[in-house]
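Understanding the architecture of this molecule
Now for the letters of each chain:
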Amino acid sequence: MNPKITVITLAFRPGGFDVVSDALKVQVGAPPFEHVIVDELHRWRAPVVADKLAALPFPVKHLPTERSLFPIASTMRAGNTALKAVEGELIVYCCDYATPPSDFLAKHWAAYTASGG
């Protein structure tokens, strides 16, 4: 699958990106998309969430932050890590713990294509 949209979530707090993934499961009217999660807690969280992420109906890339400064937040480095992994032509950021509505990606895609994408 070639995703048209990449949803990026930068995660530093315990929990959170699963809320976004669950909201993305119910997206309607959107073209194919992927979810790129860059996680400061990757080394601890990856083994626990791998099966759940693999079961999602869209591709997920769960990545550690390159050159992390943990326990200090490495938000800018996480963002750069995410941008390197993007395959979609439209990037949509979605904060951890966010619950976007079911037409969230469809509306972003419509605005993008209406502007000449």
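Above this text you will find the structure in question.
From a predicted model like this one, the values you see are computed outputs, not experimental measurements. Numbering of residues begins from 1 in every chain and follows the order in which that chain's sequence is written. Two thresholds apply to this predicted model, a pLDDT of at least 70 for residue-level local features and 80 or more for giving and counting side-chain atom pairs, whereas whole-chain, interface and lining totals are computed over all residues. Only heavy atoms go into the side-chain values, all of them from the structure, while hydrogens and water stay out.

1. Description of the nonpolar core
One finds Ile5, Val7, Leu24, Phe33 and Leu105 to be the most contacted residues of the largest nonpolar core, which totals 19 residues. If you list the elements that add at least two residues to this core, you get strand 1 (5-11), helix 1 (17-24), strand 2 (33-39), helix 2 (42-54), strand 4 (90-93) and helix 4 (104-114). Take this core: its biggest share by element is 4 residues, from helix 4. In contact with Leu105, not counting residues within four places along its chain, are Ile5, Val7, Leu24, Gln27, Ala30, Phe33 and Val92. Ranked by size, the runner-up nonpolar core spans 7 residues in total, among them Ile8, Val38, Ala82 and Ala85. Throughout, nonpolar core names a set of buried Ala, Val, Leu, Ile, Met, Phe, Trp, Tyr and Cys residues whose side chains join them through atoms within 4.5 Å. Relative accessibility under 20% of the residue-type maximum defines a buried residue, over 50% an exposed one, and the middle range a partly exposed one, all with a 1.4 Å probe and only protein chains included. Helical segments are the DSSP runs of H or I of at least four residues, strand segments are the runs of E of at least two, and each set is numbered from the N terminus. The contact criterion used is simple: two residues touch if any of their non-hydrogen atoms lie within 4.5 Å.

2. Quick notes on the environment of Asn2
Checked against the element boundaries, Asn2 lands in the segment before strand 1. Separated by 86 residues in the primary sequence, Asn2 and Gly88 have C-alpha atoms spaced 7.3 Å apart.

3. Considering the sheet that holds strand 2
Note: two strands are recorded as paired if DSSP finds a minimum of 2 bridges between them. Pairing within the open sheet is parallel, and its 4 strands lie in the order 3-2-1-4. Single-partner strands in this sheet number two, and they are strand 3 (60-64) and strand 4. Within the sheet, the average angular offset between the axes of one strand and its neighbour, ignoring direction, is 20°. In the sheet, strand 1 pairs with strand 2 via 7 bridges, with the strands oriented parallel. From the neighbouring strand, Val7 faces strand 2, where its bridge partner is His35. Inter-axis angles, ranging from 0 to 180 degrees, are taken between N-to-C directions of lines fitted to C-alpha atoms, where helices are fitted over the stretch in contact. On top of the sheet, helix 2 reaches strand 1, strand 2 and strand 3; it is set at about 170° to strand 3, its chief contact.

4. Concerning the packing of helix 1 against helix 2
Taken N-terminus to C-terminus, the directions of helix 1 and helix 2 make an angle of 10°; their axes are 12 Å apart at the nearest point. Classified by the angle their axes make, helix 1 and helix 2 are roughly parallel. Across the interface between the two elements, Phe17, Asp18, Ser21 and Asp22 from helix 1 touch Arg45, Val49, Lys52 and Leu53 from helix 2. Class assignment for the residues of the contact of helix 1 with helix 2 results in 3 nonpolar, 1 polar and 4 charged. Throughout, the term roughly parallel applies to angles under 35 degrees, roughly antiparallel to angles over 145, roughly perpendicular to angles from 65 to 115, and oblique to all others. Under the convention adopted here, Pro, Cys and the residues Ala, Val, Leu, Ile, Met, Phe, Trp and Tyr are nonpolar, Asp, Glu, Lys and Arg are charged, and Gly plus all remaining residues are polar.

5. A short note on the pattern of salt bridges
Here, a salt bridge means any Lys or Arg side-chain nitrogen found within 4 Å of an Asp or Glu carboxyl oxygen. Across all of its chains, the model carries 9 salt bridges by this definition. With a shortest N-O distance of 3.7 Å, Lys52 and Asp22 are connected by a salt bridge. Remark: Asp22 occurs in helix 1 and Lys52 occurs in helix 2; sequence separation between them is 30 residues. Owing to a relative accessible area of 42%, Lys52 belongs among the partly exposed residues under this scheme. Among the residues examined, Asp22 registers a relative accessible area of 31% and is labelled partly exposed. With a closest N to O distance of 3.2 Å, Lys107 and Asp103 form a salt bridge. For Asp103, a relative accessible area of 27% puts it in the partly exposed group.

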